[in-house]
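Coordinate inspection notes
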Amino acid sequence: MSLLEIRSLNAGYGRVQILWDVSLAVEAEQVVALVGANGAGKTTLLRAISGMIPSRSGSITFRGREIAGAPIENIVDLGIAHVPEGRRLFSGLTVRENLLLGGWRSKNGDISRVVELFPILGSRLNQIASTLSGGEQQMCAIARGLMSRPDLLLIDELSLGLAPKTVDEIVARLPDISRSGTAVLLVEQDIDTALTVSTQAFVLETGRITRSGPSAQLLADPTIQQAYLGLAPG
Amino acid sequence: MTQFAQAAAYGVVQGGLLALVAVGFSLVWGIMNVINLSHGAFAVTGAYVAWLLNQHFGLDPFLAIPIVAVAMFGFGYVIQRGLINLVVNAPIFLTLLLTFGLSLVILNILQLLFTADDRTIDTSYASQSFVIGTVNVPYGRLAAFFLAVIITFALAALMTRTRLGHAIGATGMDRGAARLMGIRARHIYAVTFGIAAALAGVAGTMIATVGSFNPTTTPGQLTLDAFVISVLGGLGNMYGALAGGLVLGIAESIGGLLLTGTWVNAIAMAVLIATLIIRPSGLIGKAQYGGRVEV
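Residues numbered from 1 in each chain as written. Chains lettered and ligands numbered in written order. Predicted model: local features only at pLDDT ≥ 70, side-chain atom pairs only at ≥ 80, totals over all residues. Heavy atoms only, no water.

Describing the side chain of Thr 192 of chain B
Residue and element names in this part refer to chain B. Examined against the element boundaries, Thr 192 turns out to sit in helix H8 (residues 185-210). The class for Thr 192 is buried, based on a relative accessible area of 0%. The residues contacting Thr 192, other than those within four sequence positions of it, are Leu 27, Val 28, Ile 31, Met 32 and Ile 168. (Helix = DSSP H or I, 4+ residues; strand = E, 2+ residues; numbered from the N terminus. Buried < 20%, exposed > 50% of the residue type's maximum accessible area, 1.4 Å probe, protein only. Contact = heavy atoms within 4.5 Å.)

Considerations on the packing of aromatic side chains
Any two aromatic rings considered together are summarised by their centre-to-centre distance and by the angle between their planes. Summed over the entire model, instances satisfying the criterion amount to 13 aromatic pairs over all chains. Here Trp 51 of chain B and Phe 114 of chain B contribute two aromatic rings whose centre-to-centre distance is 6.0 Å and whose plane-to-plane angle is 90°, an arrangement assigned as edge-to-face. Highlighted residues: Trp 51 of chain B in helix H2 (residues 39-57) and Phe 114 of chain B in helix H4 (residues 92-114), separated in sequence by 63 residues. Assessed through its relative accessible area of 14%, Phe 114 of chain B is described here as buried. These aromatic residues form a ring-pair network of at least three members: Tyr 48, Trp 51, Phe 114 and Phe 213 of chain B. Geometry around Phe 90 of chain A places Arg 144 of chain A over its ring, the cationic atom sitting 4.9 Å from the centre. (Phe/Tyr/Trp six-rings, centres within 6.5 Å; stacked < 30°, edge-to-face > 60°. Lys NZ or Arg CZ within 6 Å of the ring centre and 35° of its normal.)

Digging into the nonpolar core
Core analysis: the largest hydrophobic core is formed by 90 residues, its most contacted members being Phe 90 and Leu 101 of chain A together with Met 32, Phe 42 and Ile 183 of chain B. Here this core gets 16 residues from one element, more than from any other, and that element is H8 of chain B. (Core = buried A, V, L, I, M, F, W, Y, C linked by side-chain atoms within 4.5 Å.)

Examining the confidence of the model for chain B
Summary statistics for chain B give a mean pLDDT of 91 and a share of 96% for residues scoring 70 or more. Segment residues 287-291 of chain B is flagged for pLDDT under 50; beyond a separation of four residues in sequence, or across chains, it makes seven contacts in the model. (pLDDT = per-residue confidence, 0-100.)

Considering unusual backbone geometry
For Lys 107 of chain A, which is not glycine, the phi torsion reads 50° and is therefore positive. Within the secondary structure, Lys 107 of chain A sits in the loop between helix H3 (95-102) and helix H4 (112-117). Residue Asn 33 of chain B is not a glycine yet carries a positive backbone phi of 60°. Tracing the sequence through the fold places Asn 33 of chain B in the loop between helix H1 (2-32) and H2. Assessed through its relative accessible area of 31%, Asn 33 of chain B is described here as partly exposed.

Things to note about the sheet that holds strand E9 (residues 200-205) of chain A
Residues and elements named next belong to chain A. As summarised here, the arrangement of the six strands in space is E6-E7-E8-E3-E9-E10, forming an open sheet in which the pairing is mixed. Two strands close off the open sheet at either side, each with one partner strand: strand E6 (80-83) and strand E10 (208-214). Each adjacent strand pair in this sheet contributes to an overall mean axis angle of 15°, direction not counted. Of the strand pairs in this sheet, E6 and strand E7 (residues 152-156) are connected by four bridges, and their pairing is parallel. Bridging from a neighbouring strand, Ile 80 pairs with Leu 152 of E7. Lying on the sheet, helix H1 (residues 42-50) is in contact with strand E3 (31-35), E6, E7, strand E8 (183-188) and E9; it crosses E7 at an angle near 150°. (Pairing = 2+ DSSP bridges. Axes fitted to C-alpha atoms, helices over the stretch in contact; angles between N-to-C directions.)

Focus on the sheet that holds strand E4 (residues 55-62) of chain A
Residue and element names in this part refer to chain A. On the basis of which strands lie adjacent, the open sheet formed by four strands has the order E2-E1-E4-E5 and antiparallel pairing. Each having just a single partner strand, strand E2 (16-26) and strand E5 (65-66) make up the two edges of the open sheet. Bridging between strand E1 (residues 4-13) and E2 involves seven bridges; their strand directions are antiparallel. Following the sheet pairing, Glu 5 is matched in E2 by Ala 25. Contacts from H1 reach E1, E2 and E4, with the element oriented near 110° to E1.

A word on the interface of chain A and chain B
Contacts between chain A and chain B engage 23 residues on the former and 22 residues on the latter. Together chain A and chain B conceal approximately 2100 Å² of surface at their shared face, both sides included; 63% is due to carbon and sulfur atoms. Three residues stand out in chain A for area buried against chain B, namely Glu 73, Phe 90 and Trp 104 of chain A, and they jointly supply 33% of the buried area on that side. The interface formed by chain A and chain B holds six residue pairs in polar contact (both at pLDDT 80 or more) in total. Only helix H2 (72-78) and H3 of chain A provide two or more residues apiece to the side of chain A that touches chain B. With five residues, the top contributor of residues to the side of chain A that touches chain B is H2 of chain A. Each residue belonging to the side of chain A that touches chain B can be placed in one class, and the counts come to nine nonpolar, seven polar and seven charged. (Buried area = accessible area lost by both parts, 1.4 Å probe. Polar contact = N/O pair within 3.5 Å; in protein donor to acceptor, adjacent residues only side chain to side chain. Nonpolar A, V, L, I, M, F, W, Y, C, P; charged D, E, K, R; others polar.)

Some details on the side chain of Thr 94 of chain A
All names here are of chain A. Among the secondary structure elements, Thr 94 is positioned in the loop between E6 and H3. The exposure class of Thr 94 is buried, given its relative accessible area of 12%. Not counting the four nearest positions on each side in its chain, Thr 94 is found in contact with Leu 125, Asn 126, Gln 127, Ile 128 and Ala 129.

See below:
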């Protein structure tokens, strides 16, 4: 049984349907990439998983339990943490306060583990979150998500607005996160980065999963290279 | 000169009391973007609870405060959970309409139960006062002033130093992100509203002790004062409410000396307009709540 299993999911906003018959699985302790162009529905899919938007039909099971339609807070309790697009840190609070709020449900007040993962945060603990650099904010957002000790971490657009070097630095921590027991579902426009760090990948195109398989295989696939990586066929 | 000093002293103690009315109003506005037009009605409801306890059990109003606070917290929690949460994300006009209607309902029930007569809680110390130089300070008002200051600082400490306070602040900044942390926004909103109602009830009790109250004119006046003070001080800022309360108390008191009684509201509004022109974010306002994000 997969950690997260989505079957024939249909979802959207109001009368506009975005996701069509999406099926996807994430195994425990793996990094899985969800890639696709702008507007393909990647963010919508993460929102449907974490309960931020309702699903119309289909099922989402987590550790064998149906979670489609459950309130956001209950889904957090079950062990899914969502690092939302744009990070959405609590801008007026300090880094430490942000991290502690991440451990709100689990009453986890131990920030040493996440500081070990991103040591730079250790020297920024008393700084107001909005004064961090973009990379530090993303680290803080991921660390905040990990504070609930989830089994699955959803990360939306990790690379958004960050320098390539910073992206590499953060992405390099993802395998550590998955090895320590938290599977990662990474949504990324930067397909090269996403397919390099993940083991499995799904390609979303206009709301439908069009390709899936081992990341290495997709990375070597000429059609993927042509469509997303700007490489000439041949 | 004596008259002026006396008015200033009265303004300070009155301002502390007004700050206590306003601090909860400001909290609710800052965190939930709800302008609670029933805030004055809550204060008067609290005043009636203390008055009843005094009438039937002879309980001193200062000792009645914990009971009033707990009762009003429960009342506020239920009102938010069952009623205001339904429209909390709707345009602000809807919450204005709802809380205005709620105020009418509460005040008509109070009038039905207790008539529209002016009431006051009599205490042995209400008429006593001490003299500093030429200035006369009543004990009751001074105690109410210190209580208001202590409660304001306690609330500020709750907001900045405790887990619950951070969760309330976080929910105010970004409700969706707070929910992703597993913070139950509906519960947090209800707790916030309960705190505001409790503080309103305590303020009402103090008002009933140092002056008089009735269900027809008092609530509207208190809501208006709370509105002016919240904007004066900066939304959602506890110290701002205290500063705003003092400014308004002194301005009204000294203005009352120079002009006739009905001009007092005009003075309040003049102070408000002057502040908005000079410091649009309020006396101690921060831009923090400007960054509010809705899901």
